[in-house]
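Here is how the chains run, residue by residue.
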Amino acid sequence: SQQGEEDPQALSIQEGENATMNCSYKTSINNLQWYRQNSGRGLVHLILIRSNEREKHSGRLRVTLDTSKKSSSLLITASRAADTASYFCATVYNTDKLIFGTGTRLQVFP
Amino acid sequence: ETGVTQTPRHLVMGMTNKKSLKCEQHLGHNAMYWYKQSAKKPLELMFVYSLEERVENNSVPSRFSPECPNSSHLFLHLHTLQPEDSALYLCASSQGPGGANEKLFFGSGTQLSVL
């Protein structure tokens, strides 16, 4: 399988703490994307990072990419209860289609 | 709202029924997708349409039949489904013709239960 695999599978933190999720993949990529999914809803795109980029920021989100280790991380700083969701990384498959991992379930307690 | 609307939100059907899922995007995108999301499994790409032509069929059983009458609408026709087909079915669209540099816009999904 060439899907991304997120780690950990589940993460519970208190509001105000930082949350870090990791994604590992198996083959060379053009880009890697992170998505968020609230329970029973569709996915929402968060960030796209290209293979020639090492770090990208969007508000409280910071994504890093290490192509030598075939891994990416998503950091959410100063987390809020509203950040409670599942987070997925998505990588390119050989037909140029996005393939998603199983996700990290993040629970932020007030 | 993401600009992608799916109906119905919930559907319960028997194994002998025929039903259809509908997806409409209001974003002017050229590519549309069906994904299946089962519990504890990665999202599975089912079908991709680019400019109304099917460009991907990921070995999906024939009991699932997609239809894309125009670039704004996508249907998934269901017949003689099995209980293991129960899942959240997600529709998505992207600006370009299905390239991986595109970000996807998802609908809220149809939660399907097959009895």
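Here the structure is shown first, and the text comes after it.
A few points on the structure. (Residues numbered from 1 in each chain as written. Chains lettered and ligands numbered in written order. Predicted model: local features only at pLDDT ≥ 70, side-chain atom pairs only at ≥ 80, totals over all residues. Heavy atoms only, no water.)

Residues and elements named next belong to chain B. Evaluation of the coordinates by the stated rule reveals 7 aromatic pairs over all chains. Plain terms: the ring middles of Tyr-33 and Tyr-35 are 6.4 Å apart, the flat faces sit at 25° to each other, and that makes the pair stacked. The pair formed by Tyr-33 and Tyr-35 is uniform in burial state, with each residue classed as buried. An angle of 35° between the planes, with centres 5.9 Å apart, marks the rings of Phe-64 and Tyr-89 as tilted. Highlighted residues: Phe-64 in strand S7 (residues 64–70) and Tyr-89 in strand S9 (residues 87–94), separated in sequence by 25 residues. Tyr-89 matches Phe-64 in its accessibility class, with the two residues each being buried. (Phe/Tyr/Trp six-rings, centres within 6.5 Å; stacked < 30°, edge-to-face > 60°. Buried < 20%, exposed > 50% of the residue type's maximum accessible area, 1.4 Å probe, protein only. Helix = DSSP H or I, 4+ residues; strand = E, 2+ residues; numbered from the N terminus.)

Moving on, we come to the sheet that holds strand S3 (residues 18–25) of chain B. Residue and element names in this part refer to chain B. Within the open sheet, the 4 strands sit side by side as S1-S3-S8-S7. Their pairing is antiparallel. A strand with exactly one partner marks an edge of an open sheet, and here the two such strands are strand S1 (4–7) and S7. Each strand axis lies, on average, 20° off the axis of its neighbour in the sheet, ignoring direction. (Pairing = 2+ DSSP bridges. Axes fitted to C-alpha atoms, helices over the stretch in contact; angles between N-to-C directions.)

On to the interface of chain A and chain B. Counting from both sides, the interface comprises 22 residues of chain A and, opposite them, 22 residues of chain B. Summed over both sides, the interface of chain A with chain B buries roughly 1,800 Å², with 54% coming from carbon and sulfur. Its largest share of buried area at the contact with chain B, chain A owes to A:Leu43, A:Lys97 and A:Phe100, together 29% of the area lost on that side. At the junction of chain A with chain B, the criterion picks out 5 residue pairs in polar contact (both at pLDDT 80 or more). Taken together, the elements giving at least two residues each to the side of chain A that touches chain B come down to strand S4 (31–37), strand S5 (43–50), strand S9 (85–92) and strand S10 (98–100) of chain A. Across the side of chain A that touches chain B, the residue classes break down as 7 nonpolar, 11 polar and 4 charged. (Contact = heavy atoms within 4.5 Å. Buried area = accessible area lost by both parts, 1.4 Å probe. Polar contact = N/O pair within 3.5 Å; in protein donor to acceptor, adjacent residues only side chain to side chain. Nonpolar A, V, L, I, M, F, W, Y, C, P; charged D, E, K, R; others polar.)

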